[in-house]
Amino acid sequence: MERIIIFCMLLFSFSMVLTASPQKLKYRQIIKTIEKLETAVKNEDAELLHTPENPEDGCLFTAVTCFQNETWKLQPKISQENSAFIKQVKILRRHILRRSDMPCESSCESYEKKGPNDFLKGFAKLMKQVI
């Protein structure tokens, strides 16, 4: 009887690990994509982007959405890399978080504008907080 109980507990804990893993893998993929873009993004003479920093708990969804919307403004360093660059940006545009029920008073426009490299570093930092 004890073996059955131990087996059930192990099976339950293993299934919990498997259900949590896809989200973490998804977030890690996003962080890797951001790191790839950091080396490929045009930073000089580029448009400044709204960069959320330290969002409140209820504003996490808004901050991630802000980052996602601003990614379309990123430009590649070399124009020949445009198709690969666009594919990486599309990865960042996929659905990441569920909408929070908590109201958020800050908007994307309320955040400071920064250069593309700082923008991507801020996005990676936020995704590490989400993990």
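Residues numbered from 1 in each chain as written. Predicted model: local features only at pLDDT ≥ 70, side-chain atom pairs only at ≥ 80, totals over all residues. Heavy atoms only, no water.

Caption draft 1: Seen up close, the overall build of the protein chain. Within the protein chain one finds four helices and two strands. Along the protein chain, helices (α) and strands (β) appear in the sequence α-β-α-α-β-α when read from the amino end. Burial status across the protein chain gives 34% buried among its 131 residues. Considering only residue pairs separated by 6 or more positions, the protein chain has 88% of its internal contacts joining residues 24 or more positions apart. (Helix = DSSP H or I, 4+ residues; strand = E, 2+ residues; numbered from the N terminus. Buried < 20%, exposed > 50% of the residue type's maximum accessible area, 1.4 Å probe, protein only. Contact = heavy atoms within 4.5 Å.)

Caption draft 2: Broad picture of the packing of aromatic side chains. As enumerated under the stated definition, the model contains two aromatic pairs in all. Look at phenylalanine 67 and phenylalanine 119: their rings are 5.0 Å apart centre to centre, the planes differ by 50°, and that puts the pair in the tilted class. One end of the pair, phenylalanine 67, is in helix 2 (residues 60-70); the other, phenylalanine 119, is in helix 4 (residues 116-130), with 52 residues separating them in the sequence. Across the pair, phenylalanine 119 and phenylalanine 67 agree in class, each one buried. For the ring pair phenylalanine 67 and phenylalanine 123, a centre distance of 4.7 Å and an interplane angle of 0° mean the geometry is stacked. On the criterion of sequence distance, the pair formed by phenylalanine 67 in helix 2 and phenylalanine 123 in helix 4 is long-range, its members being 56 residues apart. Judged by relative accessible area, phenylalanine 67 falls into the buried class, the value being 0%. (Phe/Tyr/Trp six-rings, centres within 6.5 Å; stacked < 30°, edge-to-face > 60°.)

Caption draft 3: Highlighting unusual backbone geometry. Residue aspartate 45 is not a glycine yet carries a positive backbone phi of 55°. With respect to the helices and strands, the residue aspartate 45 is situated in the loop between helix 1 (2-40) and strand 1 (49-50). What makes aspartate 45 exposed here is its relative accessible area of 77%. One non-glycine residue, asparagine 54, lies in positive phi territory at about 50°. In this structure, asparagine 54 sits in the loop between strand 1 and helix 2.

Caption draft 4: Structural detail: the environment of leucine 48. Looking at the element boundaries, leucine 48 is found in the loop between helix 1 and strand 1. Overall, leucine 48 belongs to the partly exposed group, its relative accessible area being 44%. In this structure, the C-alpha to C-alpha distance between leucine 48 and asparagine 117, residues 69 residues apart in sequence, is 10.0 Å. Excluding residues within four positions of it along the chain, leucine 48 makes contact with Lys113, Lys114 and Gly115.

Caption draft 5: The arrangement of the nonpolar core in detail. Counting 29 residues, the largest nonpolar core has Ile34, Ile96 and Met127 as the members making the most contacts within it. At the level of elements, helix 1, helix 2, helix 3 (82-93) and helix 4 are the ones that each hand at least two residues to this core. Examining the composition of this core, we find that seven residues originate from one element, helix 4, more than from any other. Sequence-distant contacts of isoleucine 96, that is, excluding residues within four places in its chain, are made with Gln23, Lys26, Tyr27, Ile30, Val64, Gln68, Phe123 and Met127. (Core = buried A, V, L, I, M, F, W, Y, C linked by side-chain atoms within 4.5 Å.)

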